[in-house]
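Architecture at a glance
Residues per chain are reported as follows:
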Amino acid sequence: MKYKVLSKSYTNLVENVREYFLEADTNIWDRRNKIKILLFQKEEITIKSFKIPHIINKIAYTFFRDSKAKKSYENSLKIIDFVPKPIGYAEFFQFGLLHESYFLCEKFNYDFTIREVLVNNHYEDKNTIFQAFAAFTYKLHEKGIEHLDYSPGNILIRKLDNSYEFKIIDVNRMRFKKFTIEERLENFAKLWAKDDDLRSIVNAYVAFIDIDKDRAIDIALKASQKHKDKKNLKKKLKGKEIVD
Ligand SMILES: Nc1ncnc2c1ncn2[C@@H]1O[C@H](COP(=O)(O)OP(=O)(O)OP(=O)(O)O)[C@@H](O)[C@H]1O
Ligand SMILES: [Mg+2]
């Protein structure tokens with residue numbers, strides 16, 4: 001196996017992550033990847049077990065690319081203020097090829113994700129949340145952080161007394177770069193937001209940048225529609241139901 005840990009206190013946990021994962025009984029996610037919560041030395045920790053890759057990707061992840069677990073950990077270290085505290089990752093090999101992989105980080109006690117706010121037309125405090133979200137996204141962009149899967153379930157929000165705290169997760173696919181104004185606005189495309197919601201978000205975002213508001217909204221709406229059309233076409237080809 002290969003692994004890294006944030007500090008020595010987690011060595012035992014990460015070295016034995018397979019056993020800890022099997023025994024942990026709080027399941028919070030069970031899809032392609034699986035996530036469980038574990039109480040370790042009084043700390044709530046999430047363990048993400050990545051889907052075992054098919055043979056081609058096993059070869060790719062072993063010889064040509066970093067695994068998603070490693071990427072999640074290393075990207076988290078680079079953007080530590082924006083993510084739940086990373087703890088470590090572990091990779092297990094079978095016949096010399098990557099098999100199981102795990103990423104561990106602190107559990108963020110969020111109250112809701114941006115998804116709830118986007119799907120509910122009357123979400124309490126919606127406008128303030130959108131403003132805080134625009135400010136958070138601007139901070140990400142200023143740091144040159146592009147989350148390539150900036151989708152609703154990956155944006156966790158905690159309500160504090162007079163503000164909202166944001167964390168992003170699922171950070172294995174990211175790019176670091178200097179953003180153009182267009183790229184900033186296009187980064188909202190994966191939210192699958194209704195036009196009015198996207199308008200509110202962009203309205204708040206343009207306070208930080210130098211661009212005509214209507215032009216900004218136009219760029220964001222076009223990018224969002226393009227993304228929806230692309231996804232809907234894929235669904236159609238697979239014979240699935242279409243929304244929006
Ligand atoms: N550190 C964390 N703290 C609290 N909740 C978390 C944390 N990490 C993940 N979750 C919860 O698990 C959900 C899925 O996490 P994540 O986005 O990492 O999985 P995923 O890779 O999208 O999964 P899949 O591809 O299988 O759909 C999140 O929307 C959130 O509810
Ligand atoms: Mg996700």
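Presented here is an overview of the structure given in this document. Not measured: the values here are computed from a predicted model. (Residues numbered from 1 in each chain as written. Chains lettered and ligands numbered in written order. Predicted model: local features only at pLDDT ≥ 70, side-chain atom pairs only at ≥ 80, totals over all residues. Heavy atoms only, no water.)

1. Overview of the coordination of the magnesium ion (ligand 2)
Summarising the metal site, the magnesium ion (ligand 2) is bound by the protein donors Asn154 (OD1) and Asp170 (OD), whose distances to it range over 2.2 Å. Of this pair, Asn154 sits in the loop between β8 (145-147) and β9 (155-159) while Asp170 sits in the loop between β10 (164-168) and β11 (174-176), and the two are 16 residues apart along the sequence. Among the residues examined, Asn154 registers a relative accessible area of 7% and is labelled buried. Judged by its relative accessible area of 26%, Asp170 falls in the partly exposed class. (Donors = N, O, S within 2.8 Å, 3.2 Å for Na, K, Ca; no water. Helix = DSSP H or I, 4+ residues; strand = E, 2+ residues; numbered from the N terminus. Buried < 20%, exposed > 50% of the residue type's maximum accessible area, 1.4 Å probe, protein only.)

2. Side note on the sheet that holds strand β1 (residues 2-5)
Pairing is antiparallel in the open sheet, where six strands are placed in the order β1-β5-β6-β4-β3-β2. One side of each edge strand has no neighbouring strand; the edge strands of this open sheet are β1 and β2 (26-30). Neighbour-to-neighbour, the strand axes of this sheet turn through a mean angle of 20 degrees, independent of strand direction. Across seven bridges, strand β5 (residues 86-94) lies against strand β6 (residues 97-106) in antiparallel orientation. The residue bridging Glu91 from the neighbouring strand is Ser101, located in β6. (Pairing = 2+ DSSP bridges. Axes fitted to C-alpha atoms, helices over the stretch in contact; angles between N-to-C directions.)

3. Details of the site of ligand 1
As a matter of local geometry, ligand 1 sits amid 18 residues, with Trp29, Arg32, Asn33, Lys48 and Tyr110 nearest to it. The separation between an oxygen atom of ligand 1 and a polar main-chain atom of Asn33 is 2.8 Å. A distance of 2.9 Å separates a nitrogen atom of ligand 1 from a polar atom in the backbone of Phe108. For ligand 1, whose unbound accessible area comes to 630 Å², protein coverage reaches 88%. Given that more than half its atoms are within 2 Å of the pocket grid, ligand 1 belongs to the largest pocket. (Near = heavy atom within 4 Å. Polar contact = N/O pair within 3.5 Å; in protein donor to acceptor, adjacent residues only side chain to side chain. Areas by Shrake-Rupley, 256 points an atom, 1.4 Å probe, with all protein chains shown as cover. 1 Å grid on protein atoms, 1.4 Å probe; cavity = no way out; pocket = protein on both sides within 12 Å on 5 of 7 lines; lining within 4 Å. Sits in = over half its atoms within 2 Å of the grid points.)

4. A closer look at the packing of helix α8 (residues 195-205) against helix α9 (residues 213-237)
Two numbers describe how α8 lies on α9: the axes approach to 10 Å, and their chain directions differ by 135 degrees. By the angle class used here, α8 and α9 are oblique. Crossing of α8 over α9 shows right-handed handedness. Mapping the contact onto sequence places Asp195, Leu198, Arg199, Val202 and Asn203 in α8 and Lys213, Ala216, Ile217, Ala220, Leu221, Ser224 and Lys228 in α9. Its residues assigned to classes, the contact of α8 with α9 shows six nonpolar, two polar and four charged. (Parallel < 35°, antiparallel > 145°, perpendicular 65-115°, else oblique. Left-handed = near helix turned anticlockwise from the far one by under 90°. Contact = heavy atoms within 4.5 Å. Nonpolar A, V, L, I, M, F, W, Y, C, P; charged D, E, K, R; others polar.)

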